[in-house]
Amino acid sequence: MTPSRTAQSLALLIPLALIAGALTSQYGFGLFPCEMCMWQRWPHYTAIVLAALSFVVAPARAPLVALATLAIAVSGAIGAFHAGVEYGWWEGLTQCATSFGGEGSALDRIMNAPVVRCDVAPWDLFGVSLAGWNAIFSLGGALVIAILLLKGRKT
């Protein structure tokens, strides 16, 4: 298989596998996603569509795979940001990653708190949260695909 064909396949398989993992953790194991988890899914859905189109629209194969690669990297960047929020390295941008401070009574703040918080990792493996694993696989996968695309251009 040529490097560009391998890149094309990976551009489809990586986001498919990561979305399958996310949906399995949600529906199979009850790990419901927070708002930032959902943000990570949208670029993967986009990458799946773009990569699938690259198999259908042959003249636009390389640009579609490149765009899919960019979408995968965007998901990885969101995952890295989300992991940093979970590890307490920085503040989150959403209401689901804030403390109970603010206005109103303590009861109001508790009752209006998000059900699934963005700043608490519901699960981890070797100390790496799901957002962290998404960052690792997405950014690593995007790098591999980009290298393969560049190799494919040279041949």
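Structural data are supplied above this passage.
Keep in mind that what you see is a predicted model, and the values were worked out from it rather than measured.

## Digging into the overall build of the protein chain
Here's step 1: When you go through the protein chain residue by residue, the secondary structure sums to five helices and two strands.
Here's step 2: Shown N-terminal to C-terminal, the secondary structure of the protein chain runs as helices and strands in the order α-α-α-α-β-β-α.
Here's step 3: The buried share among the 155 residues of the protein chain stands at 37%.
Here's step 4: Considering only contacts within the protein chain whose residues lie at least 6 apart along the sequence, 71% involve residues at least 24 apart.
Here's step 5: When the accessible surface of the protein chain is split by element, carbon and sulfur atoms take 71% of a total near 8,900 Å².

## Let's talk about the environment of Pro 122
Here's step 1: Looking at the element boundaries, Pro 122 is found in the loop between helix 4 (106-111) and strand 1 (124-125).
Here's step 2: By relative accessible area, which is 52% here, Pro 122 ends up exposed.
Here's step 3: Excluding residues that lie within four positions of it along the chain, Pro 122 makes contacts with Leu 31 and Glu 86.

## A closer look at the environment of Leu 10
Here's step 1: If you trace the backbone, Leu 10 turns up in helix 1 (residues 3-27).
Here's step 2: For the pair Leu 10 and Leu 148, spaced 138 residues apart in the sequence, the C-alpha separation amounts to 9.8 Å.

## Regarding the state of the cysteines
Note: disulfide means a covalent bond formed between the sulfur atoms of two cysteine side chains.
Here's step 1: Using the criterion set out here, one finds zero disulfides in the structure.
Here's step 2: Free cysteine Cys 37: the closest other cysteine sulfur is in Cys 34, separated by 3.4 Å.
Here's step 3: Judged by relative accessible area, which is 24%, Cys 37 ranks as partly exposed.

## What to know about the environment of His 44
Here's step 1: Checked against the element boundaries, His 44 lands in helix 2 (residues 35-56).
Here's step 2: Judged by its relative accessible area of 3%, His 44 falls in the buried class.
Here's step 3: As for His 44 and Ala 17, which are separated by 27 residues in sequence, their C-alpha atoms are 9.8 Å apart.
Here's step 4: The contact partners of His 44, leaving out residues within four places of it in the chain, are Pro 15, Leu 18, Ile 19, Ile 72, Ser 75, Asn 134 and Ser 138.

## So, a nonpolar patch on the surface
Here's step 1: Nonpolar side chains collect at one region of the surface, where Val 49, Leu 53, Phe 55, Val 56 and Val 57 lie side by side and expose about 430 Å² of accessible area between them.
Here's step 2: Tracing the chain through its elements places Val 56 in helix 2.
Here's step 3: Note on Val 56: relative accessible area 67%, which makes it exposed.

## Considerations on the packing of aromatic side chains
Here's step 1: Applying the stated criterion across every chain yields a total of five aromatic pairs.
Here's step 2: When the centroid spacing of 5.8 Å and the interplanar angle of 25° are considered together, the rings of Trp 133 and Phe 137 count as stacked. Here Trp 133 and its partner Phe 137 are both found in helix 5 (residues 130-154), four residues apart, which amounts to about one turn of the helix.
Here's step 3: Using a relative accessible area of 23% as the deciding quantity, one classes Trp 133 as partly exposed.
Here's step 4: Put simply, the rings of Phe 81, Tyr 87, Trp 89 and Trp 90 pair up and form one aromatic cluster.

Quick notes on the rules
- Residues numbered from 1 in each chain as written.
- Predicted model: local features only at pLDDT ≥ 70, side-chain atom pairs only at ≥ 80, totals over all residues.
- Heavy atoms only, no water.
- Helix = DSSP H or I, 4+ residues; strand = E, 2+ residues; numbered from the N terminus.
- Buried < 20%, exposed > 50% of the residue type's maximum accessible area, 1.4 Å probe, protein only.
- Contact = heavy atoms within 4.5 Å.
- Areas by Shrake-Rupley, 256 points an atom, 1.4 Å probe, with all protein chains shown as cover.
- Disulfide = S-S within 2.5 Å.
- Patch = residues over 30% accessible without salt bridge, like charges linked within 9 Å, V, L, I, M, F, W, Y side chains within 5 Å.
- Salt bridge = Lys/Arg side-chain N within 4 Å of Asp/Glu carboxyl O.
- Phe/Tyr/Trp six-rings, centres within 6.5 Å; stacked < 30°, edge-to-face > 60°.

None of the figures reported here should be taken as evidence of function without further support.
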